[in-house]
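Remarks on the overall topology
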Amino acid sequence: MTDDAAPDRRSSGPVPDLRASDADRERVAEILRDGLAEGRLDMAEFEERLESAYRARTYGELAPLTSDLPAAAPPVSFTKRPVDDGSWASRIVGGEGTSTGAVAVLSGFQRKGRWTMPRKFTCFAFMGGGEIDLREAFFADREVEISCVAVMGGVEVIVPPGVEVVVRGIGIMGGFEHLDRDEPGDPGAPRVIISGFAFWGGVGVERKLTRAERQRLKQLRRQERLDRRDARQELRRGRREDRGR
């Protein structure tokens with residue numbers, strides 16, 4: 001979930017009008033699938049709630065869908081998120097994490113946006129795919145682990161610049177990719193360990209900037225080009241004035 005800046009963002013309280021993220025919707029969908037598998041929901045109820053979950057725009061629309069179902073943790077937290085002030089310290093927030101695992105069997109999963117990466121996240125992909133995007137994530141601890149198992153499927157892990165990455169996975173007739181160019185972590189940045197194995201499948205690791213950061217850098221480069229052009233024009237004007245004297 002992406003939070004806009006607000007004066008009281010550090011406080012807690014009900015905020016059902018805040019926009020839900022894809023990760024929030026998928027977390028609700030997982031609880032609904034569990035409810036169907038355990039016989040708490042029949043197929044008609046499951047399909048109706050699942051459709052409502054994927055249409056939901058806010059926390060207030062998601063919360064009633066799982067209010068009568070048990071879960072290890074509330075599917076939607078009506079508490080305001082920590083403030084990301086640009087420092088790594090502000091993104092290591094403790095707690096249990098938004099989601100501790102995901103399964104994709106002939107399907108897919110995503111964890112991206114403003115979510116909290118737990119100390120250990122376990123995922124399994126069988127003839128399906130998953131994406132774990134940590135570029136805007138908060139972290140439950142300074143060191144976290146992603147354990148991936150991909151069987152005839154794939155999992156992509158995306159990390160931001162500055163995060164230390166350690167890959168310990170094994171590929172068996174499959175691929176467990178390392179970063180093409182690894183780099184040491186920034187001081188105070190999280191350390192992400194990626195473990196597991198891929199059998200006739202693949203686990204990829206990539207370092208990317210967020211779209212907003214790419215746009216910011218693009219605008220910065222454009223402004224630098226304009227500044228250089230203005231400086232050259234000013235220099236030429238100064239030379240012409242000197243010759244005219």
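Heads up: the structure comes first, above all this text.
Residues numbered from 1 in each chain as written. Predicted model: local features only at pLDDT ≥ 70, side-chain atom pairs only at ≥ 80, totals over all residues. Heavy atoms only, no water.

Quick notes on the side chain of Ser 195
The following threshold applies: The numbering of helices and of strands both runs from the N terminus, where a helix is a DSSP run of H or I of at least 4 residues and a strand a run of E of at least 2. The contact criterion used is simple: two residues touch if any of their non-hydrogen atoms lie within 4.5 Å.
Secondary-structure assignment places Ser 195 in strand 12 (residues 191-199). If we ignore the near neighbours within four places in the chain, the residues touching Ser 195 are Glu 145, Ile 146, Ser 147, Cys 148, Arg 168, Gly 169 and Phe 176.

Description of the environment of Gly 101
In this structure, Gly 101 sits in strand 1 (residues 101-105). Sequence separation of Gly 101 and Ser 147 is 46 residues, and the distance between their C-alpha atoms is 9.1 Å.

Describing a nonpolar patch on the surface
Note the following rule: Each patch is assembled from residues with relative accessible area greater than 30% and no salt bridge, linking like charges that lie within 9 Å and nonpolar side chains (Val, Leu, Ile, Met, Phe, Trp, Tyr) that lie within 5 Å. Note on areas: Shrake-Rupley, 1.4 Å probe, and residue coverage restricted to the protein chains presented here. Basic side-chain nitrogens of Lys or Arg form a salt bridge, by our definition, when they fall within 4 Å of a carboxyl oxygen of Asp or Glu. Throughout this description, buried means an accessible area under 20% of the type-specific maximum (1.4 Å probe, protein chains only), exposed means over 50%, and partly exposed covers the range between.
On the surface, a cluster of nonpolar side chains totalling about 1,100 Å² of accessible area is made up of Val 103, Val 105, Leu 106, Phe 124, Met 127, Met 152, Ile 170, Ile 172, Met 173, Phe 197 and Trp 200. Listing elements by their share of the nonpolar patch, those giving two or more residues are strand 1 and strand 10 (170-172). Along the chain, the position of Val 103 falls in strand 1. By relative accessible area, Val 103 is classed as exposed at 56%.

Some details on the sheet that holds strand 5 (residues 129-133)
The following threshold applies: Between any two strands, at least two bridges found by DSSP are needed for them to pair.
Taken in spatial order, the five strands make up an open sheet running 2-5-8-13-11, and their pairing is parallel. In the strand order of this sheet, the two ends are held by strand 2 (108-111) and strand 11 (175-176), each with one partner.

Some points on the pairing of strand 12
Note: strand 7 (residues 143-151) against strand 12, nine bridges, orientation parallel. Of the residues in strand 12, the one forming a bridge with Val 144 is Val 192. Note: strand 9 (residues 164-167) against strand 12, four bridges, orientation parallel. Paired with Glu 164 across the strands is Arg 191, a residue of strand 12. Inspection of the sheet shows strand 10 paired to strand 12 by three bridges, in the parallel sense. Looking at strand 12, one finds that Ile 170 is bridged to Phe 197.

Remarks on the packing of aromatic side chains
Defined as follows: By convention, a stacked pair of Phe, Tyr or Trp rings (six-membered ring in the case of Trp) has centres within 6.5 Å and planes under 30 degrees apart, an edge-to-face pair has planes over 60 apart, and any other such pair is tilted.
Summed over the entire model, instances satisfying the criterion amount to two aromatic pairs. Between the aromatic rings of Phe 199 and Trp 200, the centroid separation amounts to 5.5 Å while the plane-to-plane angle is 5°, which identifies the pairing as stacked. Since its relative accessible area comes to 29%, Phe 199 is described here as partly exposed.

Some points on unusual backbone geometry
Backbone geometry at Leu 106 places phi at a positive 55°, although glycine is not the residue there. In this structure, Leu 106 sits in the loop between strand 1 and strand 2. On the accessibility criterion, Leu 106 (62% relative accessible area) is exposed. The backbone of Met 127 sits at a positive phi, close to 50°, despite the residue not being glycine. With respect to the element layout, Met 127 can be found in the loop between strand 4 (120-126) and strand 5.

Some thoughts on the packing of helix 1 (residues 22-37) against helix 2 (residues 43-55)
The following threshold applies: Convention adopted: a line fitted to C-alpha atoms gives each axis, helices being fitted over their contacting stretch, and angles between N-to-C directions are expressed from 0 to 180 degrees. Here the angle decides the label: under 35 degrees means roughly parallel, over 145 means roughly antiparallel, 65 to 115 means roughly perpendicular, and every other value means oblique. Under the scheme applied, nonpolar residues are Ala, Val, Leu, Ile, Met, Phe, Trp, Tyr, Cys and Pro; charged residues are Asp, Glu, Lys and Arg; polar residues are all the others, including Gly.
Orientation of helix 1 relative to helix 2, taken along the N-to-C sense of each, is 175°, at an axis distance of 9 Å. By the angle between their axes, helix 1 is roughly antiparallel relative to helix 2. Across from Arg 25, Glu 26, Val 28, Ala 29, Leu 32, Arg 33 and Leu 36 in helix 1, the residues of helix 2 making contact are Met 43, Phe 46, Arg 49, Leu 50, Ala 53 and Tyr 54. Classifying every residue of the contact of helix 1 with helix 2 by side-chain character gives nine nonpolar, no polar and four charged.

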